[in-house]
Amino acid sequence: MSAARTLTMANGSAVPCADLPRLELVDFRETLLGARSRRQRVCALFGAMRAQKLGLHAVIADDDSGLLECAWTELEGEEFPSLTPECPEVQLFEREIFEQWGVLPRGHPWLKPVRYERSFRPGHHARGRSGAGAPVVGVADYYRVEGEEIHEVAVGPVHAGVIEPGHFRFQCHGEHVYHLEISLGYQHRGVERKLLGGPDKRTIHYMETLAGDTTIGHATAHCQIMEALGGRNPSARACAIRGLALELERLANHTGDLGALAGDVGFLPTASYCGRLRGDFLNMTAVLCGSRFGRGLVRPGGVAFDLEPERIDDLCKR
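Every value quoted in this text rests on a predicted model; they were computed, and no experiment measured them.

Trainee: So what's going on with the overall build of the protein? Residues and values would help.
Mentor: What the protein contains, in helices and strands, is eight helices and eleven strands. Seen through its C-alpha atoms, the protein measures out along the principal axes to roughly 60 × 60 × 45 Å. Considering the protein as a whole, with its 318 residues, one finds that 36% of them fall into the buried category. A sequence separation of at least 24 residues applies to 49% of the contacts in the protein between residues at least 6 apart. Carbon and sulfur atoms make up 56% of the accessible area of the protein, which totals about 18500 Å². Looking at the protein, you have 36 positive and 41 negative side-chain charges, and the mean spots of the two groups are 5 Å apart.

Trainee: Let's hear about the pattern of salt bridges: which residues, and what values?
Mentor: Summed over the entire model, instances satisfying the criterion amount to 19 salt bridges. Linking Arg5 and Asp27 is a salt bridge whose minimum nitrogen-to-oxygen distance equals 3.9 Å. Here Arg5 is found in the segment before β1 (7–10), whereas its partner Asp27 is found in helix α1 (residues 25–33), with 22 residues between them in sequence. Residue classification places Arg5 among the partly exposed positions, given a relative accessible area of 28%. Judged by its relative accessible area of 28%, Asp27 is partly exposed. Residues joined in a network through salt bridges with shared partners are Arg22, Lys53, Glu74 and Glu76.

Trainee: Describe the nonpolar core, and please don't skip the residues or the numbers.
Mentor: Residues Phe28, Leu32, Val42 and Leu45 are the most contacted members of the largest nonpolar core, which totals 19 residues. Elements supplying a minimum of two residues to this core: α1, β2 (41–50), β3 (53–62) and α2 (91–101). Sort the elements by how many residues they give to this core and β3 lands first, with four residues. Counting residues in each nonpolar core, the second largest holds 18 residues, with Ile216, Ile241, Ala245 and Val298 among its members.

Trainee: Break down helix α5 (residues 215–230) for me, citing the residues and quoting the values.
Mentor: The terminal C-alpha atoms of α5, which comprises 16 residues, lie 22 Å apart, in line with the 22 Å expected from a rise of 1.5 Å per residue. The set of residues buried in α5 consists of Thr215, Ile216, Ala219, Thr220, His222, Cys223 and Glu227. Within α5, the buried residues cover an arc of 165° as seen down the axis, which keeps them to one side. Tucked inside the fold, the buried residues of α5 contact α4 (203–208), α6 (236–264), β10 (298–299) and β11 (302–303). One or two residues past the end of α5 sits Gly231, with phi positive at roughly 70°.

Trainee: Could you give an account of the sheet that holds strand β8 (residues 167–173), naming the residues involved and the relevant values?
Mentor: In spatial order, the strands read β7-β8-β9; together these three strands make up an open sheet with antiparallel pairing. Strands with a single pairing partner mark the edges of an open sheet, and in this sheet they are β7 (150–155) and β9 (176–183). Taking the axes of each pair of neighbouring strands and ignoring which way they run, one obtains an average angle of 20° across the sheet. Two strands pair when backbone bridges link them, and β7 and β8 are joined in this way by six bridges, in the antiparallel orientation. If you follow Val153 over to β8, its bridge partner there is Phe170.

Trainee: Could you give an account of the environment of Arg36, with specific residues and numbers?
Mentor: Among the secondary structure elements, Arg36 is positioned in the loop between α1 and β2. According to the relative accessible area criterion, Arg36 is exposed, its value standing at 53%. For the pair formed by Arg36 and Thr214, sequence separation is 178 residues and the distance between their alpha carbons is 28 Å. Those residues within four positions of Arg36 in sequence are excluded, and the remaining contacts are Pro88 and Glu89.

Trainee: Account for the packing of aromatic side chains, naming residues and giving values.
Mentor: In this structure the tally under the stated criterion is zero aromatic pairs. Between Arg50 and the ring centre of Trp72, over which it is positioned, the NZ or CZ distance is 4.1 Å. One cation-aromatic arrangement involves Arg276 over Tyr273; the distance from NZ or CZ to the ring centre is 4.8 Å.

Trainee: Describe in detail the layout of surface pockets, supporting the description with residues and values.
Mentor: As a volume, the second largest pocket reaches approximately 1600 Å³. Breaking the lining of the second largest pocket down by element, the ones donating at least two residues are β1, β2, β3, β4 (67–74) and α5. With eight residues, the single largest contributor to the lining of the second largest pocket is α5. When the residues that make up the lining of the second largest pocket are grouped by side-chain class, the tally is 21 nonpolar, nine polar and two charged.

Rules used in this analysis
- Numbering of residues begins from 1 in every chain and follows the order in which that chain's sequence is written.
- With pLDDT at 70 or above as the cut-off, local features in this predicted model cover only qualifying residues; side-chain atom pairs require 80 or more to be listed or tallied, and sums for whole chains, interfaces and linings still use all residues.
- Hydrogens and water molecules were not included; the side-chain quantities draw on all heavy atoms of the structure.
- Helical segments are the DSSP runs of H or I of at least four residues, strand segments are the runs of E of at least two, and each set is numbered from the N terminus.
- Exposure classes here rest on a 1.4 Å probe applied to the protein chains alone. A residue is buried below 20% of its type maximum, exposed above 50%, and partly exposed in between.
- Here, residues are in contact when the closest pair of their heavy atoms is within 4.5 Å.
- Shrake-Rupley sampling with a 1.4 Å probe provides the accessible areas, and residues are treated as covered by the protein chains on show and by no other component.
- The charged-residue count follows a simple rule in which Lys and Arg add positive charge and Asp and Glu add negative charge, with His and chain termini not counted at all.
- Where a charge lies is defined by one atom per residue type, namely NZ (Lys), CZ (Arg), CG (Asp) and CD (Glu).
- Criterion for a salt bridge: a side-chain nitrogen of Lys or Arg within 4 Å of a carboxyl oxygen of Asp or Glu.
- Buried residues of nine kinds, namely Ala, Val, Leu, Ile, Met, Phe, Trp, Tyr and Cys, make up a nonpolar core once their side-chain atoms join them within 4.5 Å.
- One less than the number of residues in a helix, times 1.5 Å, gives the span that helix is expected to have.
- Working note: the arc is built from the helix axis to C-beta atom directions.
- DSSP calls a pair of strands paired once it identifies at least 2 bridges connecting them.
- Axis lines are fitted through C-alpha atoms, for helices just across the contact stretch, and the angle between N-to-C directions can take any value from 0 to 180 degrees.
- Classification of ring pairs rests on two measures: the distance between centres of Phe, Tyr or Trp rings, Trp counted by its six-membered ring, which must be within 6.5 Å, and the angle between planes, read as stacked under 30 degrees, edge-to-face over 60 and tilted in between.
- The criterion is that NZ of a Lys, or CZ of an Arg, lies within 6 Å of the ring centre and within 35 degrees of the ring normal, and then a charge sits over that ring.
- Think of a 1 Å grid over the protein atoms and nothing else: a 1.4 Å probe that fits but is trapped marks a cavity, an open set flanked by protein within 12 Å on at least five of seven lines marks a pocket, and residues with an atom within 4 Å of a point count as lining.
- Grid points are joined across faces, edges and corners, and a volume is the space filled by probe spheres set on the points.
- In the scheme used here, Gly and all other residues not listed as nonpolar or charged are polar, with Ala, Val, Leu, Ile, Met, Phe, Trp, Tyr, Cys and Pro taken as nonpolar and Asp, Glu, Lys and Arg as charged.

The following block contains the structure:
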C-alpha cells in the first residue's frame, strides 16, 4: 500500500482527523479490495459525519508488521457500490452502515439487519430515532424456508442460562437445520450515549462491563485510546501484566466456547471438562487482581495491581 495514499500508524497511537488521507471512492475501493493480496485485512469500516457529509472510514490491519493503514472517502448521495461480493469480511460493516446511516451498499448479497427491522430504506437511519416509528428489536421480516415437512423452531429471547437475550429461528427438515436467523439487541443499554461528555469516573466501569466475558479486552482498548490521546506510555511491566491478563481471558473464552459447542451437540464429557478448564483460567485471573473476570486490573496509565514473586510462582504452578 502506498504511504502517499494512506496513513500508516501503530496500534494504540493517535493522529489528528485532519491528517487522515481522503481518497476518491474508486481509489478507496481499490485500496480495500487489494488488502488480501497484501496479506492484510479490513478490521474496521464505518461512517462518520464530516462537514455535513457522510464519510466512510477504513482501517486495514497488517498482522505481520503490527501496523494499521487508514483512509477515508466522502460519499455523494444515499448509496455506494458494495465491497462485500469481492471482500466478504466487510459484510457486517456494510450492514451496520446501512442501518445507522441509511446509505445503501448497492449489490450487497444479503442486507440483513444488525439489530433492527428489514424495512429500513435510505434516509431512514436508526441514529437518533426514538418514540413512535422508531425501530424495534426483534421486529423483522425473518427469512423462511418453505416446503413439505419444513418446520420452524423459535428459541428465546428469554433463555434459561446467563447468555445475552437473543431470538433464534431455526428452519428445519427433520434433523437437518437449513437456516438459522439470530436477532440480538434486546439488552441494549445505551452505553454509547452514556459515554458522551466523558471520560469520567464511570467510563472505565462501562468499558469493563460492555461484555461480561471481555473485561480485559475492552478495558485495554479503552486505556490505549486514552493513553494515545494523552501522550502517556504505560511501563513495560504494566504492559506485560495486561498481556498476561489478555491471554488468560482469551484462553477462558475459547475453552468455554469449545465446551459450549460440545454441549450443543450433546457431547457432555467434553462440555464438562472444558468448563473445568475455563474455571482454572478464571481462577488464575483472580490471582492477578482478585476478580475472576479481571475487573479493576486495567486502568489508564497502567494496571492497578502488581505481581510479587510469590504470586508469580503460584501462577507458574497453575
